[in-house]
Amino acid sequence: MQKSVISDEEVRSRGIGCKSPLVDAFVGTPQSELRCFLTGLMFVTRLPCPSWCDHHPGFLMRSMAWFPLLGFCVGVFCGCFYDAFCILWTPLISALLSCFFSNWLTGCFHEDGLGDSFDAFGGGWTKKQILDIMKDSRIGTYGSVSLILYLSAKVALIGDLGVSNWALFSCTGGGPALVGAHCVARATSAPLIYFNDYVIDQQDRKSNFYGFFANAKHILGPARVVFAVFSAEIVFFCLYGWVRAAQCAVLLAVAVAAAGTYGTAIIGGVMGDFLGATICLVELCVYLLLSANFSDAEERLRNGGVSLFVLAVCSLGPICAIHWLQGKKIVQGAC
């Protein structure tokens, strides 16, 4: 049964997005950083780029060093709309409208990965089933619910942050949060690909394109990973100061470690849709971090909140153990 309106033959006929498919030939030639940047821009947004810039997977791999700054551009775009809408409407309505323009600019690119990942990891019992569901263009219950919850939480959190106040090292409000969250969330892609195997589904009709990603460590390099993380931290520091930047660094490290561990346990590594889902979830975590009321937390814990907090933390152990054992079973079954 065909699972897409576009046939497999048509997708495969498009090739890998460039004329030279050889990894060695690509690595052995001097690369233009401008082309890397524009390749990333063309990949994560719908903005037009020069005709000499194509979807070469090698340039795309290297462009992940620029993903945080591309996220910065997306965040500024959305933040400007948010601030403009706040003149006429409440922050909640402004957040909703800014999300519309965010999804228009990116083409719901990462949200597509979020829906596919929840469908696959939620509905698949084996690695093969997960990969089959991942490439299915249709959306299921897990994907639908995850997207509804994600967008609802995103709008609510941005609206809760209120009207923007732009001040170096001490920004507040929804506008700066959009800039910081879009930037930091996209800093997860480079380290996830560099420190984990990239899963290639040979049955996928786009395997010729993504097969180039199997050489991620050789093409990406540690310097680009460091640049991606460092640039995201610099942006966050300029927006919120060193305390928030330190909190963000911890969040980023935990998110990358957790996502990499989970992906490796379940399917043996990471892949495109999984990276997109991670970006969405980390973006949401940044909004949660910025909207958290740490000043009143101690008093609330004193007034009966300790038991609920301990219960919530302790519940994570069995959940993580179940997923880890499930992953072991899936990986062993695939061997």
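Within every chain, residues take consecutive numbers counted from 1 along the sequence as written. Per-residue local features of the predicted model are confined to residues with pLDDT of at least 70, and side-chain atom pairs are confined, for both listing and counting, to 80 or more; whole-chain, interface and lining totals are unaffected and use all residues. Computation of side-chain values covers all heavy atoms of the structure but excludes hydrogens and water.

Asker: How should the overall build of the protein be read in this particular structure?
Answerer: Numbering goes from the N terminus for both helices and strands, where a helix is a DSSP run of H or I of at least four residues and a strand is a run of E of at least two. Tallying secondary structure elements over the protein gives 17 helices and zero strands in all. Note on classification: 1.4 Å probe, protein chains only; a residue is buried when its accessible area is under 20% of the maximum for its type, exposed when over 50%, partly exposed between these limits. Buried residues in the protein amount to 47% of all 335 residues. Method for areas: the Shrake-Rupley scheme with a 1.4 Å probe, in which residue coverage is limited to the protein chains shown. Split by element, the accessible area of the protein, about 16700 Å² in all, is 68% carbon and sulfur.

Asker: Before we go on, may I ask you to explain unusual backbone geometry in this structure?
Answerer: As a rule of thumb, non-glycine residues mostly have phi less than zero, and peptide bonds are mostly trans rather than cis. Even without being glycine, Cys108 reaches a positive phi, approximately 55 degrees. By the secondary structure assignment, Cys108 is in the loop between α6 (91–106) and α7 (109–123). Although it is not a glycine, Phe169 adopts a positive phi angle of roughly 75 degrees. With respect to the element layout, Phe169 can be found in the loop between α9 (141–161) and α10 (174–185).

Asker: Please clarify how the confidence of the model for the protein should be interpreted in this entry.
Answerer: Fine structural detail should not be taken from predicted coordinates in areas where pLDDT scores are low. When pLDDT is averaged along the protein, the result is 85; 75% of the residues meet or exceed 70. On a range of 0 to 100, pLDDT expresses the predictor's confidence in each residue. Mean pLDDT values over the elements of the protein span from 58, in helix α1 (residues 8–13), up to 98, in α10.

Asker: Teacher, can you tell me more about the packing of aromatic side chains here?
Answerer: Centre-to-centre distance and the angle between the planes together describe a pair of aromatic rings. Side-chain rings of Phe, Tyr and Trp, where Trp is taken by its six-membered ring, are said to pair if the distance between their centres is within 6.5 Å; with planes under 30 degrees apart they count as stacked, over 60 as edge-to-face, and otherwise as tilted. In the structure shown here, the tally under the stated rule is 15 aromatic pairs. With a centroid separation of 5.2 Å and an interplanar angle of 70 degrees, the aromatic rings of Trp66 and Phe227 are classed as edge-to-face. Note that Trp66 is positioned in the loop between α4 (57–63) and α5 (67–86) and Phe227 in helix α14 (residues 222–240), a separation of 161 residues in sequence. The exposure class assigned to Phe227 is partly exposed, which follows from its relative accessible area of 33%. Ring geometry for Phe77 versus Phe81: centroids 4.9 Å apart, planes at 65 degrees, classification edge-to-face. Here Phe77 and its partner Phe81 are both found in helix α5, four residues apart, which amounts to about one turn of the helix. Members of the aromatic cluster, each reached through a chain of ring pairs, are Phe77, Phe81, Phe85, Trp89, Phe100, Phe101 and Trp104.

Asker: What exactly am I supposed to notice about empty space enclosed by the protein here?
Answerer: Rolled over the atoms, a probe with the dimensions of a water molecule shows which regions are left empty. A 1.4 Å probe that fits but cannot get out identifies a cavity on a 1 Å grid over protein atoms alone, an open set with protein on both sides within 12 Å along at least five of seven lines counts as a pocket, and a residue lines either if it has an atom within 4 Å of a point. Grid points are joined across faces, edges and corners, and a volume is the space filled by probe spheres set on the points. Applying the stated criterion across every chain yields a total of one cavity of 30 Å³ or more. Reported here for the largest cavity is a volume of approximately 50 Å³. In this structure, the largest cavity is lined by Ser102, Thr106, His110, Glu111, Tyr150, Lys154, His182, Arg186, Ile279, Cys280 and Glu283. When residues of the lining of the largest cavity are traced back to their parent elements, those giving at least two are α6, α7, α9 and α16 (272–291). Here the element with the most residues in the lining of the largest cavity is α16; it accounts for three residues.

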